[in-house]
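Residue-level listing of the chains:
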Amino acid sequence: MKKIITLLAAFILVLAGCGSSADGTSSQKITIAFNQSESHPQYIALSEFAEKFEEQTEGRYEIDIQANEILGSQKETLEMVQGGTLEMTLVSTSLLENFDDSYVALSLPYVYDSLDHQRTVFSSDAFDELFAKTSTEVGVTPVAAYTAGARNVYTKSPMESAADLSGKKIRVMESQAKVDMMNAMGGVGTPMSQGEVYTAIQQGIIDGGENNEVTFADLKHYEVAPNYYYTEHLMVPDVVVVSNTFFDTMSDSDKEIFNALIEESVTREFELWIEGVEAAKTTATEGGAKFNEIDKTAFQEACFELNEKTLATSEDMTKIYNQIRDLA
Ligand code: GCU
């Protein structure tokens, strides 16, 4: 009898794992990897998308978002999506630069004038051609670009002016273009994954980082580097990417629902972002952070010079750069 009950329990668990749709067939599980917390605006936008998608596809899919870098760094989860062992992830476009250097144009220093400019670009067809090329050549399909606001430098010890960045080791994303940018700004660009930054600052391996207010607060970086300076040097888009192995199994009508909802989530994420920045500043200030203005002219001049050199290396990059600037 005990054996029968155990078998029954196992059977029920298996059934629960599969889930079932309105017509009784089992639902397909979609796991999305995310490298920050459940209160992050991008997590909220993705959850709202997931809820609507599950509802509109009547239980044919079940979405599970795994936050807090539990499934690995962005670099690792991107590889899993490419290999077809994970359905979706959200990564910075900086990581896609390793596949196609045209992505460098999407986050050149000071390429966007404002959040409004970025929203106009993300809602246009400026990235369509590049995303389609990535889908064919890399095997992952970028389906939407989300904002991650403007990035600013923060340091353990305070700075008086731009000159004080000189020689400071500042963590940047794992991208050669970002290393070059930080070096041009006067610092020493030190690439590493997001999850390592807190400890690296704490242990004195680096002197600070550069990120938006939301991540600065979300990952409690203000505890180890409380001096935040509005350098506003970068606005790096994050992209939601889907594995082609999974996407190819989706019917055309489900894909249509998917695409319409993910597009809708782009505008929603911008709204959530604005709220998120305010909340993050309050949290960080309460935790001892100091938000400072800094004269950024020297940084801009150094970056514009670097941008010119970078753009001269590729016509494809220049084409996208011009498309972004034309929408300013
Ligand atoms: C931002 C961005 C993330 C990225 C992170 C980083 O938070 O939204 O996608 O991982 O910066 O600096 O690594």
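Quick note: structure is the one above.
This structure is a prediction, so every number in the text was calculated from the model and none was measured. Throughout this document, residue positions are counted from 1 along each chain, in the order its sequence is written. Where local features are concerned, this predicted model is filtered to residues with pLDDT of at least 70; where side-chain atom pairs are given and counted, the filter is 80 or more; whole-chain, interface and lining totals use all residues. The basis for every side-chain value is the complete set of non-hydrogen atoms in the structure, without hydrogens or water.

(A) Quick look at the site of the ligand. Taken together, 13 residues surround the ligand, and among them Gln 74, Arg 151, Arg 171, Thr 215 and Asp 238 come closest. Polar contact is defined as a pair of N or O atoms within 3.5 Å, subject to the rule that within protein one atom must be able to donate a hydrogen and the other to accept it, and that residues adjacent in sequence are counted only when both atoms are side-chain atoms. Asp 238 places a polar side-chain atom, nitrogen or oxygen, 2.5 Å from an oxygen atom of the ligand. When isolated, the ligand has an accessible area of 310 Å², and the protein chains bury 98% of it. Split by residue class, the shell around the ligand holds 2 nonpolar, 8 polar and 3 charged. The criterion for a residue being near a molecule or strand is simple. One of its heavy atoms has to lie within 4 Å of it. Areas reported here follow the Shrake-Rupley algorithm with a probe of radius 1.4 Å; residue values treat only the protein chains shown as occluding. Ten residues, namely Ala, Val, Leu, Ile, Met, Phe, Trp, Tyr, Cys and Pro, are considered nonpolar, four, namely Asp, Glu, Lys and Arg, are considered charged, and the remaining ones, Gly among them, are considered polar.

(B) Geometry of the nonpolar core. Core analysis: the biggest nonpolar cluster contains 61 residues, and Phe 53, Tyr 112, Phe 127, Tyr 146, Val 240 and Phe 258 have the highest contact counts within it. For Tyr 112, the residues in contact, after removing those within four places along its chain, are Leu 106, His 117, Gln 118, Val 121, Phe 122, Phe 127, Met 235, Pro 237, Ile 324 and Arg 325. Here, nonpolar core refers to any group of buried Ala, Val, Leu, Ile, Met, Phe, Trp, Tyr and Cys residues whose side-chain atoms link them within 4.5 Å. Partly exposed describes any residue whose relative accessible area lies between the buried limit of under 20% and the exposed limit of over 50%, with all areas from a 1.4 Å probe on protein chains only and scaled to the type maximum. Counting residues in hydrophobic clusters, the runner-up holds 20 residues, among them Val 197, Ala 225, Trp 273 and Ala 284. When checking whether two residues touch, look at their non-hydrogen atoms; a contact exists if any pair is within 4.5 Å.

(C) Region of the structure containing helix α6 (residues 128-138). For α6, every residue scored as buried is listed here: Leu 130, Phe 131, Thr 134, Ser 135 and Val 138. Take α6 and look down its axis: the buried residues cluster within an arc of 140°, on one side only. Of the exposed residues in α6, those oriented more than 90 degrees away from the buried face are Glu 129, Thr 136 and Glu 137. Looking at the buried positions of α6, the neighbouring elements they touch are α3 (74-83), β4 (140-146), β10 (238-243), α10 (244-247) and α13 (315-326). Only DSSP runs of H or I covering at least 4 residues are called helices, and only runs of E covering at least 2 are called strands; the numbering of each starts at the N terminus. The arc in question is formed by the directions pointing from the helix axis toward the C-beta atoms.

(D) Spotlight on helix α11 (residues 252-286). In this model α11 runs 49 Å from its N-terminal to its C-terminal C-alpha over 35 residues, within 8% of the 51 Å that 1.5 Å per residue would give. Each residue is assigned a bend, namely the angle between axes fitted to the seven residues that terminate at it and the seven residues that start at it. Its maximal kink placed at Thr 267, α11 deviates by approximately 25°. The span one expects for a helix is its residue count, reduced by one, times 1.5 Å.

(E) Main features of the environment of Asp 64. By the secondary structure assignment, Asp 64 is in strand β2 (residues 61-66). The class for Asp 64 is partly exposed, based on a relative accessible area of 23%. For the pair Asp 64 and Ala 148, spaced 84 residues apart in the sequence, the C-alpha separation amounts to 22 Å. Once residues within four sequence positions are removed from consideration, Asp 64 is found in contact with Lys 29, Ile 30, Thr 31 and Ile 32.

(F) Molecular detail of the pairing of strand β3 (residues 88-92). Burial analysis of β3 places 5 of its 5 residues in the buried class, the great majority of the element. Residues Met 88, Leu 90 and Ser 92 of β3 are buried on one face, and the alternating residues Thr 89 and Val 91, pointing to the opposite face, are buried as well. For two strands to be treated as a pair, DSSP must find at least two bridges joining them. Bridge count between strand β1 (residues 28-33) and β3: 2 bridges; the pairing is parallel. Opposite Ile 32, over in β3, you have Met 88 as the bridge partner.

(G) Local environment of the pattern of salt bridges. Only one rule defines a salt bridge in this text: a Lys or Arg side-chain nitrogen within 4 Å of an Asp or Glu carboxyl oxygen. In this structure the tally under the stated criterion is 13 salt bridges. Two residues, Lys 178 and Glu 97, come together in a salt bridge whose shortest N-O distance is 2.9 Å. Of this pair, Lys 178 sits in helix α7 (residues 176-185) while Glu 97 sits in the loop between α4 (93-96) and α5 (115-122), and the two are 81 residues apart along the sequence. Judged on exposure class, the residue Lys 178 and its partner Glu 97 are both buried. Measuring nitrogen to oxygen at the nearest pair gives 3.0 Å for the salt bridge that ties Arg 151 to Glu 210. Of the two residues, Arg 151 is situated in strand β5 (residues 151-155) and Glu 210 in strand β8 (residues 208-211); the sequence distance between them amounts to 59 residues. In terms of burial, Arg 151 and Glu 210 fall into one category: buried. Connected through shared salt-bridge partners, Glu 48, Arg 268 and Glu 271 make up one network.

(H) The arrangement of the side chain of Glu 269 in detail. Counting through the fold element by element, Glu 269 comes out in helix α11. Here Glu 269 is buried and forms no salt bridge, its nearest opposite-charge partner Arg 119 lying at an N-O distance of 9.0 Å. Excluding residues within four positions of it along the chain, Glu 269 makes contact with Pro 41, Gln 42, Ala 45, Tyr 146 and Thr 147. Charge assignment in this entry is limited to Lys and Arg as positive and Asp and Glu as negative, and neither His nor the chain termini are counted.

(I) How the structure looks around the sheet that holds β10. The 5 strands lie next to each other as β2-β1-β3-β10-β4, forming an open sheet whose pairing is mixed. The outermost strands of the open sheet, each flanked by one partner alone, are β2 and β4. Averaged over all adjacent pairs, the angle separating strand axes in this sheet is 25°, with direction ignored. Strand direction decides the pairing type here: β4 and β10, joined by 6 bridges, are antiparallel. Bridge assignment links Pro 142 to a residue of β10, and that residue is Val 241. Axis angles are defined between N-to-C directions and span 0 to 180 degrees, where every axis is a line fitted to C-alpha atoms and, for a helix, only to the segment in contact. Packing against the sheet, α6 makes contact with β4 and β10, and its axis sits at approximately 150° to β4. Lying over the sheet, α11 contacts β2, β3, β4 and β10, oriented at roughly 30° with respect to β4.

(J) Seen up close, the packing of aromatic side chains. Only rings of Phe, Tyr and Trp enter the pairing, Trp through its six-membered ring, and a pair is recorded when the two centres are within 6.5 Å. The plane angle decides the type: under 30 degrees is stacked, over 60 is edge-to-face, the rest tilted. Counting across every chain of the model gives 20 aromatic pairs. Considering the side-chain rings of Tyr 112 and Phe 122, the 6.2 Å spacing of their centres and the 85° angle between planes classify their relative orientation as edge-to-face. Taken together, the positions of Tyr 112 in the loop between α4 and α5 and Phe 122 in helix α5 put the pair 10 residues apart, joining distant regions of the chain. Given the relative accessible area of 10%, Phe 122 is considered buried.

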